[in-house]
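Structure assessment
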Amino acid sequence: MPTISVVIPVYNGEKTIKRTIESVLKQNFNDLEVIVINDGSTDSTEEIIKSIPDSRLKIFSYPNAGLPASRNRGLSLASCDFVSFIDADDIWTCDKLESQLQLLLVNKSAAVAYSWTDYIDADGEYLRSGLRVKVTGDAYSNLLLSNFLENGSNPLIRKEAFTKVGNFDESLRAAEDWDMWLRLASQYEFVVVPKVQILYRVTTNSMSSNCKNQETESLKVIERAFAHPKAASLQHKKNYALARLYQYLTFQVLKTSQSKRKSWIAAQFFWTSLKYEPSLLEQRRLILTAVLKIILAELHYQVGIFKHPQLS
């Protein structure tokens, strides 16, 4: 039996799925099974996957049910002691699984190994760096403030941990990965590989671009996490956690949203972050950056209206 199960949920991923699968199959550590959950794709995704000649690759097709359900379906099929998930448009460096597995084998009390992320565009070109967090051991209090793992394509996890914390919450339409990392952190320790090993693709169709949806679901995750007994002594951090969420959403909507009035949405988010944590006003660089980006977004919108009045 192989050592690592890799689960790849995909829905209409014909443009990126081959590159994603190749990044998994070309891992330095190759004692793995690759479980692709085809979530009701209507394009050529299934044909592309079936054309890849590798005995480690298995494809299972289901009616469309969404990302959390697909991850759970893959988890139920996983036969290995360690599990990792990768979304169908993301990429791993060739040493990702090997590095994370080595850490978990050495640190028996840890159940989650994570790495660092960089962001790429639709063409695979570098956009920006992600966070460079080095939290190890008890990660719960840090995860309350933000999802520093950043995405669902990041960690390698001991499969036995899911028996204790349960599956991904299929009622969440976003932030289900953050919810899962919090539940894991409530029971187990984390370890970190301080290297960029996940390349997260940002597109206008990505789930992270739907910022209003992100807001609604992230608020549910925060409320649930602060209600956990492990957060009993951390209630004083709740407003700061909410402020961090709205600060993140401010810049996220400016980066990815296709809304005609994204400047207005961003301004609302930023004002909400200041209401929760007025001390952010002391961070002059943050304030200046946010205000300038919001103004530029509004000017861009107004210029578009001037050139194309039908857009108003």
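Conventions adopted
Residues numbered from 1 in each chain as written. Predicted model: local features only at pLDDT ≥ 70, side-chain atom pairs only at ≥ 80, totals over all residues. Heavy atoms only, no water. Axes fitted to C-alpha atoms, helices over the stretch in contact; angles between N-to-C directions. Helix = DSSP H or I, 4+ residues; strand = E, 2+ residues; numbered from the N terminus. Parallel < 35°, antiparallel > 145°, perpendicular 65-115°, else oblique. Left-handed = near helix turned anticlockwise from the far one by under 90°. Contact = heavy atoms within 4.5 Å. Buried < 20%, exposed > 50% of the residue type's maximum accessible area, 1.4 Å probe, protein only. Salt bridge = Lys/Arg side-chain N within 4 Å of Asp/Glu carboxyl O. Polar contact = N/O pair within 3.5 Å; in protein donor to acceptor, adjacent residues only side chain to side chain. Phe/Tyr/Trp six-rings, centres within 6.5 Å; stacked < 30°, edge-to-face > 60°. pLDDT = per-residue confidence, 0-100. Pairing = 2+ DSSP bridges.

Points about the packing of helix α7 (residues 176-185) against helix α8 (residues 211-226)
Interaxial distance between α7 and α8 falls to 9 Å at its minimum, and their mutual angle equals 15°. Here α7 is positioned roughly parallel relative to α8, judged by the angle of their axes. The hand of the α7/α8 crossing is right-handed. Contact residues: Trp178, Asp179 and Leu182 in α7; Ser218, Val221, Ile222, Arg224 and Ala225 in α8.

Considering helix α3 (residues 67-77)
Among the 11 residues in α3, eight count as buried, and that is most of the element. Looking only at α3, the buried set comprises Leu67, Pro68, Ala69, Ser70, Arg71, Asn72, Gly74 and Leu75. Buried residues along α3 sit in contact with β1 (4-10), β2 (32-39), β4 (82-85), α6 (160-165) and α7.

A few points about the pattern of salt bridges
Two side chains with opposite charge may pair up if their charged atoms get near one another. Across all of its chains, the model carries 16 salt bridges by this definition. In this structure, the salt-bridge partner of Glu215 is Lys212, at a minimum N-O distance of 3.3 Å. On the criterion of helical spacing, the pair formed by Glu215 and Lys212 is a turn pair, its members being three residues apart in helix α8. The partly exposed category is assigned to Lys212, whose relative accessible area is 42%.

As for the side chain of Ser115
For Ser115, the position within the fold is in strand β6 (residues 110-120). Judged by its relative accessible area of 2%, Ser115 is buried. At 2.9 Å, the side chain of Ser115 forms a polar contact with the side chain of Gln100. If sequence neighbours within four positions are ignored, Ser115 has contacts with Gln100, Asn154, Val193, Lys195, Gln197 and Ile198.

Overview of the packing of aromatic side chains
Centre-to-centre distance and the angle between the planes together describe a pair of aromatic rings. The tally for this structure, following the rule as stated, stands at eight aromatic pairs. Residues Phe85 and Phe162 carry aromatic rings whose centres are separated by 6.2 Å and whose planes lie at 85° to one another, so their mutual orientation is edge-to-face. Separated by 77 residues along the polypeptide, Phe85 in strand β4 and Phe162 in helix α6 bring together distant segments of the chain. The buried category is assigned to Phe85, whose relative accessible area is 1%. Residues Tyr246 and Phe269 carry aromatic rings whose centres are separated by 5.9 Å and whose planes lie at 50° to one another, so their mutual orientation is tilted. Linking Tyr246 in helix α9 (residues 238-256) with Phe269 in helix α10 (residues 262-276), this pair joins segments that are 23 residues apart in sequence. With respect to class, Tyr246 is no different from Phe269; both count as buried. Here the aromatic residues Phe85, Phe162, Phe168 and Trp181 are joined through ring pairs into a cluster of three or more.

Digging into the environment of Asp95
Among the structural elements, Asp95 can be located in the loop between β5 (91-92) and α4 (96-106). Look at Asp95 and you get buried, because its relative accessible area is 15%. A polar side-chain atom of Asp95 sits 2.4 Å from a polar atom in the side chain of Lys195. A distance of 3.2 Å separates polar atoms of two side chains, one belonging to Asp95 and the other to Gln197.

Comments concerning the confidence of the model for the protein chain
Residues with a pLDDT of 70 or more make up 89% of the protein chain, whose mean pLDDT is 91. Predicted confidence for residues 304-312 stays below pLDDT 50, and this span has five contacts to residues more than four positions away or in other chains.

A closer look at the pairing of β6
Within β6, 11 of the 11 residues are buried, leaving the element largely enclosed by the surrounding structure. Relative to strand β9 (residues 189-201), β6 is paired through nine bridges, and the arrangement is parallel. Paired with Thr117 across the bridge in β9 is Ile198. Where β6 meets strand β8 (residues 156-158), two bridges bridge the pair, whose relative direction is antiparallel. Residue Ala113 lies in a different strand from β8, and its bridge partner there is Leu156. Taken together, the three bridges between β6 and strand β7 (residues 126-129) define a ladder with antiparallel strand orientation. Across the sheet, Ile120 pairs through a bridge with Tyr126, a residue of β7.

Remarks on the pairing of β1
By the criterion of burial, β1 is predominantly enclosed, with seven of the seven residues buried. What you see with β1 is no split at all: Ile4, Val6, Ile8 and Val10 on one side and Ser5, Val7 and Pro9 on the other are buried throughout. Direction of pairing for β1 relative to β2: parallel, over a ladder of seven bridges. Within β2, the position partnered with Ile8 by the bridge is Val36. Where β1 lies against β4, four bridges are found, and the strand directions are parallel. If you follow Val7 over to β4, its bridge partner there is Phe85.

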